[in-house]
Amino acid sequence: QVQLVESGGGLVQAGGSLRLSCAASGRTFSTRAMGWFRQAQGKEREIVAAIDWRGGDTYYADSVKGRFTISRDNAKNTVYLQMNSLKPEDKAVYYCAVDVHSFFVVTNQNEYDYWGQGTQVTVSS
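Note that this is a predicted model, so its numbers are computed, not measured.

A.B. asks: Honestly, unusual backbone geometry in this entry has me stumped. Any pointers?
C.D. replies: When glycine is set aside, most residues are seen to have a negative phi, and most peptide bonds are trans. Positive phi, close to 50°, is recorded for N77, a residue that is not glycine. Summarising the element assignment, N77 is placed in the loop between β7 (68–73) and β8 (78–83). Despite not being glycine, S85 has its phi angle at roughly 50°, a positive value. Take S85: it is sitting in the loop between β8 and β9 (92–99).

Structure below.
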């Protein structure tokens, strides 16, 4: 079993920054694909970013490319999402997830096995 706990969400003004963290416990996650997703009110959950097990390969949704950075520290069992130049449309609940079957970047959210409880990000205009 894997437990994921997100933190770092909050309220920020447009143009500001936040850093989300996702701490994993339980089964080894350090050699598995990880991802960040978000769900805005009234919308479907969407992928934001994904990272391979070593942190050498990443994927970003077009809407966040150039503004967000995903990274991981396997020694700390933690994956991060640095969010810069935040926009009101970035407001959502952000979730991290792990695909325990893959080493490589996974963009299909249906392939992820474990999810955190989510952290709210609100961006004021």
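A.B. asks: Help me understand the state of the cysteines, please; the structure alone is not making it clear to me.
C.D. replies: As used here, a disulfide is simply a covalent bond connecting the sulfur atoms of two cysteines. On inspection of all chains with the given rule, the structure shows one disulfide. Each disulfide pairs two cysteine sulfurs, and for C22 the partner residue is C96, the sulfurs being separated by 2.0 Å. On the sign convention where negative is left-handed, the bridge of C22 and C96, at about 55° about the S-S bond, is right-handed. Residue C22 is found in strand β3 (residues 18–26), and its partner C96 is found in strand β9; the two are separated by 74 residues along the sequence.

A.B. asks: Would you take a moment to explain the sheet that holds β7 for this structure?
C.D. replies: Strands in a sheet are paired, the pairing made by backbone hydrogen bonds, and the direction either parallel or antiparallel. Strand order across the open sheet formed by four strands is β1-β3-β8-β7, with antiparallel pairing between neighbours. This sheet does not close on itself; its edge strands, each paired only once, are β1 (2–7) and β7. Strand-to-strand twist across the sheet, computed as the mean angle between neighbouring axes with direction ignored, equals 15°. Pairing geometry for β3 and β8, over six bridges, is antiparallel.

A.B. asks: How should the nonpolar core be read in this particular structure?
C.D. replies: What tends to happen in soluble globular proteins is that the nonpolar side chains get buried as a cluster. By size, the foremost hydrophobic cluster in this structure holds 29 residues, and its most contacted members are L4, W36, L81, M83 and Y94. At the level of secondary structure, the elements contributing two or more residues to this core comprise β1, β3, β4 (33–39), β5 (46–51), β7, β8, β9 and β11 (119–124). Among the nonpolar cores identified, the runner-up in size contains seven residues, and A33, I47, A97 and V106 belong to it.

A.B. asks: Would you mind going over the packing of aromatic side chains with me for this structure?
C.D. replies: Here the structure, examined in full by the defined rule, presents five aromatic pairs. Between F37 and Y112 the ring centres are 5.0 Å apart and the planes differ by 80°, which places this aromatic pair in the edge-to-face class. With a gap of 75 residues between them, F37 in strand β4 and Y112 in the loop between β9 and β10 (114–115) connect regions that are remote in the sequence. Judged on exposure class, the residue F37 and its partner Y112 are both buried. Members of the aromatic cluster, connected to one another through ring pairs, are F37, Y112 and W115. Above the face of the Y80 ring, R19 is positioned so that its terminal group lies 4.0 Å from the ring centre. Positioned above the aromatic ring of W115 is the side chain of R45, whose terminal nitrogen or guanidinium carbon lies 3.7 Å from the ring centre.

Thresholds applied
- Residues numbered from 1 in each chain as written.
- Predicted model: local features only at pLDDT ≥ 70, side-chain atom pairs only at ≥ 80, totals over all residues.
- Heavy atoms only, no water.
- Helix = DSSP H or I, 4+ residues; strand = E, 2+ residues; numbered from the N terminus.
- Disulfide = S-S within 2.5 Å.
- Pairing = 2+ DSSP bridges.
- Axes fitted to C-alpha atoms, helices over the stretch in contact; angles between N-to-C directions.
- Core = buried A, V, L, I, M, F, W, Y, C linked by side-chain atoms within 4.5 Å.
- Buried < 20%, exposed > 50% of the residue type's maximum accessible area, 1.4 Å probe, protein only.
- Phe/Tyr/Trp six-rings, centres within 6.5 Å; stacked < 30°, edge-to-face > 60°.
- Lys NZ or Arg CZ within 6 Å of the ring centre and 35° of its normal.

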